[in-house]
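What follows is each chain in one-letter form.
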Amino acid sequence: NLSQHGGGGGPVVLDLEAIANKVLDRNRGGFCLELNSLFAEFLRACGYHVTIVEATVAKDGTFDDLRPPSHIVLMVKTDPS
C-alpha cells in the first residue's frame, strides 16, 4: 500500500465508502486505520459492540521505548447480553 507513502494510489482518506471501494472493489490493500475502520463497521452491522482503541508498536516486544500511537485495534464484545 504505497498510498500512505505518497505513492500513485491516491490520497489516504478515512471515508468508509472510499475505503470499501479501494479494498473491496479495486482489490487494493490498506493500512491499519483503513482496514480496522472498515472491519469495525462490518462487525457493527453484524450486531457486535465495537470500540476502536489507539495502539502503538512495541519495539522488540518490550515497552521500554514506546512510540506515539500510530495504529488502532478493535475491542469487540461477543457476548450479546
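Residues numbered from 1 in each chain as written. Predicted model: local features only at pLDDT ≥ 70, side-chain atom pairs only at ≥ 80, totals over all residues. Heavy atoms only, no water.

Colleague: Would you take a moment to explain the overall build of the protein for this structure?
Modeller: In terms of helices and strands, the protein carries 2 helices and 2 strands. Listed N to C, the secondary structure of the protein is α-α-β-β in terms of helices and strands. For the protein, the proportion of contacts with a sequence separation of at least 24, taken over those separated by at least 6, is 34%. Accessible surface, the protein: about 5900 Å² in total, of which carbon and sulfur atoms supply 56%. (Helix = DSSP H or I, 4+ residues; strand = E, 2+ residues; numbered from the N terminus. Contact = heavy atoms within 4.5 Å. Areas by Shrake-Rupley, 256 points an atom, 1.4 Å probe, with all protein chains shown as cover.)

Colleague: Honestly, the pattern of salt bridges in this entry has me stumped. Any pointers?
Modeller: According to the stated counting rule, one finds 2 salt bridges in the structure shown. One salt bridge in this structure joins glutamate 41 and arginine 44, with 3.8 Å as the shortest N-O distance. Within this pair, glutamate 41 and its partner arginine 44 are both found in helix α2 (residues 32-45), separated by 3 residues, close to a single helical turn. We classify arginine 44 as partly exposed; its relative accessible area is 35%. (Salt bridge = Lys/Arg side-chain N within 4 Å of Asp/Glu carboxyl O. Buried < 20%, exposed > 50% of the residue type's maximum accessible area, 1.4 Å probe, protein only.)

Colleague: Is there a simple way to think about the environment of glycine 29 in this case?
Modeller: Looking at the secondary structure, you find glycine 29 in the loop between α1 (16-25) and α2. Counting along the chain gives 10 residues from glycine 29 to isoleucine 19, while the straight-line C-alpha distance between them is 9.6 Å.

Colleague: So what exactly am I meant to see when it comes to unusual backbone geometry here?
Modeller: Trans is the prevailing form of peptide bonds, just as negative phi is the prevailing case for residues other than glycine. Even without being glycine, asparagine 27 reaches a positive phi, approximately 55°. Locating asparagine 27 in the fold gives a position in the loop between α1 and α2.

Colleague: Help me understand the side chain of serine 37 in this model?
Modeller: Take serine 37: it is sitting in helix α2. Excluding residues that lie within four positions of it along the chain, serine 37 makes contacts with Leu16, Cys32 and Ile72.

Colleague: Looking at this structure, how should I read α2?
Modeller: For an α-helix, the turn length of 3.6 residues means that residues three or four places apart are oriented alike. Compared with the 20 Å implied by 1.5 Å per residue over 14 residues, the 20 Å span of α2 between its first and last C-alpha is a close match. Burial in α2 covers these residues: Cys32, Glu34, Ser37, Leu38, Ala40 and Leu43. Tucked into the core, α2 has its buried residues touching α1, β1 (49-55) and β2 (71-77). Downstream of α2 by a residue or two, glycine 47 has a phi angle that is positive, lying close to 100°. (Expected span 1.5 Å × (residues − 1).)

Colleague: Where do I start with the packing of α1 against α2 in this structure?
Modeller: Packed helices, taken two at a time, are described by their axes: the angle between them and the distance between them. Packing of α1 against α2 brings their axes to within 10 Å, and their N-to-C directions diverge by 105°. Overall, the two elements α1 and α2 adopt an arrangement that is roughly perpendicular. Only Glu34, Leu35, Ser37, Leu38 and Glu41 of α2 make contact with α1, whose side of the interface consists of Leu16, Ile19, Ala20, Lys22 and Val23. Across the contact of α1 with α2, the residue classes break down as 6 nonpolar, 1 polar and 3 charged. (Axes fitted to C-alpha atoms, helices over the stretch in contact; angles between N-to-C directions. Parallel < 35°, antiparallel > 145°, perpendicular 65-115°, else oblique. Nonpolar A, V, L, I, M, F, W, Y, C, P; charged D, E, K, R; others polar.)

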